[in-house]
Amino acid sequence: MSISPAIYTLWLREVIRFGRNRSRLIGSMALPVLFLVVLGSGFGGFFRYRNDVTYIEFIGPGIVGMTLLFSAMFGGMNVLWDKQFGFLKEILVAPVSRTAIMTGKTIGTVTTSMVRALVLLAAMITAGLVKVHLGGFLMTLIFMFLISASFVSLGIALASWMTDPHGFQLIMNFVIMPVFFLSGALFPLERLPRWLEILTLLNPLTYGVDGMRFALGGPYRFSPLVDLAVLLFFWLAMTFIGAFMFRKMSA
Amino acid sequence: MTPYGGTASTIIEIKEITRQFGELTALNSVSLDIERGELFGLLGPNGAGKTTLISILSTLLSPTSGSAVVCGHDVRKDEDMVRRSIGVVFQDPSLDDELSGQENLDFHGRLYGLDRESRRTRIDEVMRLVDLEDRRHDLIKTYSGGMRRRLEIARGLMHRPQVLFLDEPTLGLDPQTRRKIWNYIRGLKESYGTTIILTTHYMDEADQLCSRVAIIDHGLIVALDSPANLKASLGGDLLELETPTVHPDFVEKLRNSQEVRRVSAHNGRVTLTVAKGESFIPRVFETAQSLGMEIASVSMRKPNLEDVFIKLTGREIRQESITEPKERIRIYMWGRRR
């Protein structure tokens, strides 16, 4: 079988499962909305940053980044459940290359993760929290794709390496949450203590959130070209590592 | 003779396969030929190496040493061609719970490169074969254990493999469902001429279904023959006598009869292996009477594969109960999948 039907098959599975499970969709949207509305309004009165930027406007792109990070990591780590529940064997024993499996799984999860983020973005546009024009929107899509695809691959790499789902909580506490908190999604990166600033500068999501702030007319910090370059590099590295780990994994 | 040394009808050729997991030797230089169209059984207790052998033959695991050829393709060098020619029903469940029965089959058909039309007709066909037509649009999470198993068997057949591996196809199922699945398996062999290799630790399953059985224990094949021949190798029927007192000469006298293969006495219970059990019973009574001995009861049964296994290994194959860990995990997983 040529590669593309297999990729399509794996993509289709992700999309069908996504469309079917409404409660999971609502569940996964609840946390970002909570952060945006409650934190956004709660801290709003104490927030002073560059003239007329309100806090809820400031964290908007950050919350989009959070949605992408969480859904991409969880989606990629779904491989762990497929491993645990045996479905992975059905895929691995089929006459399909692992590269095709990994590609289909990644594109499928990127699709569902971006749909979530776009729903949130649409809500923010409707509420007037972000200003958007066509060029900015296309640029946002590119950043969204890079964030999502990178973290799906990271999720797949981790899931390939782990043997059972017990480590999931560790990943949540030691990878996903730190990446989120240290990304500048919730606070500006200027005037941070030195050690914290270094950590945020090492975090690829920082550049993703910053890139989206630029594209959505928010208060950005780095040049969008720097953001793009860092993310492209991160994406390529994660794809390589994910593919390597996935190929090495035994059922 | 084929280039690989087997006869033209050999479909699987296993040569001195060894597989080690660290210190543990799961398979110890196993060699075996399986003929086209056979319903072949790998019988042995848990941990004997059955699943390891299936995993190697289906390219999921590579052997530490040795070689295997499936449908003319080397499992180490030509994985893709092997995968195309086989179907596998794994011991552990391997369906996607959040897809319907039909979607699981459709997914499988797509992975094996079937076009839309063949997917449609074959899904109809295999659904009918396993009687799941009326449940095809239901999600797998609503299926019972037996239905899942049937669907997995149906799925394994969809791409018309030359060889179908069934790893413990009836593990954890109730007797009625097991019988149903046996009928499906027999049906497959008749309708498609598929070569079927099944592993089991149920004696009756191997006995009822398989034309040939390899008894495997601690990674070694300890016997290989048809169930009838394996049972015949014990040398006859089993007679069990109960008596209040065993006369000292009784066992000796019986042992001297030509028909008797083995005698053992233990706690007023005498067990005999006899060529023709039915016609030997009167002789037992005559012998007892001549010694003034009383016999409380006699029972006779045909030997089963369990007896063969005990003779070969000196141990019983444990009949698993529902509380064994493996089983519990399986149920747990079915109960709360995602």
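Residues numbered from 1 in each chain as written. Chains lettered and ligands numbered in written order. Predicted model: local features only at pLDDT ≥ 70, side-chain atom pairs only at ≥ 80, totals over all residues.

### As for the overall build of chain A
- Secondary structure assignment for chain A yields 10 helices and zero strands.
- In sequence order, chain A lays out its α and β elements as α-α-α-α-α-α-α-α-α-α.
- Over its C-alpha atoms, taken along the principal directions, chain A stretches across nearly 60 × 40 × 35 Å.
- Within chain A, buried positions represent 48% of all 251 residues.
- Sequence-distant contacts in chain A: of pairs separated by 6 or more residues, those separated by 24 or more amount to 82%. (Helix = DSSP H or I, 4+ residues; strand = E, 2+ residues; numbered from the N terminus. Buried ≥ 20, exposed ≤ 12 C-beta atoms within 10 Å, placed from the backbone. Contact = placed C-beta atoms within 7 Å.)

### Some points on the pairing of strand 1 (residues 10–21) of chain B
All names here are of chain B.
- Pairing of strand 1 with strand 2 (residues 24–35) involves eight bridges; the strand directions are antiparallel. Each residue of the ladder has a partner; that of Thr10, found in strand 2, is Glu35.
- Two successive antiparallel strands, strand 1 and strand 2, enclose a turn made up of two residues, where Gly22 displays a positive phi of approximately 60 degrees.
- Summarising the sheet, strand 1 and strand 4 (residues 65–70) pair through five bridges and their orientation is antiparallel. Residue pairing in the sheet places Thr18 in a bridge with Ser65 of strand 4. (Pairing = 2+ DSSP bridges.)

### Points about the interface of chain B and chain A
- Chain B puts 23 residues into the contact, and the matching count from chain A is 21 residues.
- Only helix 2 (79–85) and helix 3 (101–111) of chain B provide two or more residues apiece to the side of chain B that touches chain A.
- A per-element tally of the side of chain B that touches chain A places helix 3 of chain B first, with four residues.
- In terms of residue class, the side of chain B that touches chain A is made up of 10 nonpolar, three polar and 10 charged. (Nonpolar A, V, L, I, M, F, W, Y, C, P; charged D, E, K, R; others polar.)

### So, the domain arrangement of chain B
- By the assigned domains, chain B splits into domain 1 (10–231) and domain 2 (235–302).
- Here the C-alpha centroids of domain 1 of chain B and domain 2 of chain B sit 43 Å apart. (Domains from an automatic or database assignment.)

### Description of the nonpolar core
- Ranked by size, the top nonpolar core spans 139 residues in total, and within it Leu69 of chain A together with Ala154 and Phe165 of chain B carry the most contacts.
- Once residues lying within four places of it in the same chain are set aside, the contact partners of Leu69 of chain A are Ile147, Phe151, Ile176, Val179, Phe180 and Leu205 of chain A.
- Leu239, Leu254, Leu272 and Ala288 of chain B belong to the second largest nonpolar core, which has 10 residues in total. (Core = buried A, V, L, I, M, F, W, Y, C linked by C-beta atoms within 7 Å.)

### Points about the sheet that holds strand 2 of chain B
- Spatially, four strands are ordered 2-1-4-5 (chain B) in an open sheet, and the strand pairing comes out antiparallel. Looking at which strands have only one partner, the edges of the open sheet turn out to be strand 2 and strand 5 (73–74) of chain B.

### Description of the environment of Thr199 of chain B
Residue and element names in this part refer to chain B.
- On the secondary structure map, Thr199 appears in strand 8 (residues 195–200).
- What makes Thr199 buried here is the crowd of 26 C-beta atoms within 10 Å.
- C-alpha of Thr199 to C-alpha of Lys50: the two residues are 149 residues apart in sequence and 6.3 Å apart in space.
- Among residues more than four places away in sequence, those in contact with Thr199 are Leu42, Lys50, Thr51, Ile54, Asp167 and Glu168.

### Overview of the packing of helix 5 (residues 98–126) of chain A against helix 6 (residues 134–161) of chain A
Residue and element names in this part refer to chain A.
- Running from N to C, helix 5 and helix 6 point in directions that differ by 130 degrees, and their axes come no closer than 9 Å. For the element pair helix 5 / helix 6, the angle class is oblique. Judged by the twist between their axes, the crossing of helix 5 over helix 6 is right-handed. Contacts from Met102, Lys105, Thr106, Thr109, Val110, Ser113, Met114 and Ala117 of helix 5 reach helix 6 at Met144, Phe145, Ser148, Ala149, Val152, Ser153 and Ile156.
- Residue composition of the contact of helix 5 with helix 6, grouped by class: nine nonpolar, five polar and one charged. (Axes fitted to C-alpha atoms, helices over the stretch in contact; angles between N-to-C directions. Parallel < 35°, antiparallel > 145°, perpendicular 65-115°, else oblique. Left-handed = near helix turned anticlockwise from the far one by under 90°.)

### Considerations on the pairing of strand 12 (residues 260–266) of chain B
Residues and elements named next belong to chain B.
- The pairing of strand 12 with strand 13 (residues 269–274) spans six bridges and is classified as antiparallel. The residue of strand 13 that forms the bridge with Ala265 is Val270.
- Taking the residues that link successive antiparallel strands as the turn, the strand 12-strand 13 hairpin has two residues, and the phi of Asn267 there is positive, at about 50 degrees.

### Quick notes on the packing of helix 2 (residues 22–44) of chain A against helix 3 (residues 55–84) of chain A
Residues and elements named next belong to chain A.
- At a minimum axis separation of 9 Å, helix 2 and helix 3 run at an interaxial angle of 160 degrees. In terms of orientation, helix 2 and helix 3 fall into the roughly antiparallel class. Considering only the axes of helix 2 and helix 3, their crossing is right-handed. Facing Ser28, Pro32, Phe35, Leu36, Leu39, Gly40, Ser41, Phe43 and Gly44 of helix 2, the residues of helix 3 in contact are Tyr55, Ile56, Ile59, Gly60, Ile63, Met66, Thr67 and Ser71.

### Describing the sheet that holds strand 7 (residues 163–167) of chain B
All names here are of chain B.
- Taken together, the six strands give an open sheet; going across it, the order is 6-7-8-3-9-10, and neighbouring strands pair in mixed fashion. On the outer flanks of this sheet lie strand 6 (86–89) and strand 10 (220–225), each paired with one strand and no other. Along the sheet, successive strands turn relative to each other by an average axial angle of 15 degrees, direction set aside.
- Bridge count for strand 3 (residues 39–43) against strand 8 is five bridges, and the pairing is parallel. Within strand 8, the residue paired with Gly41 across the bridge is Leu198.

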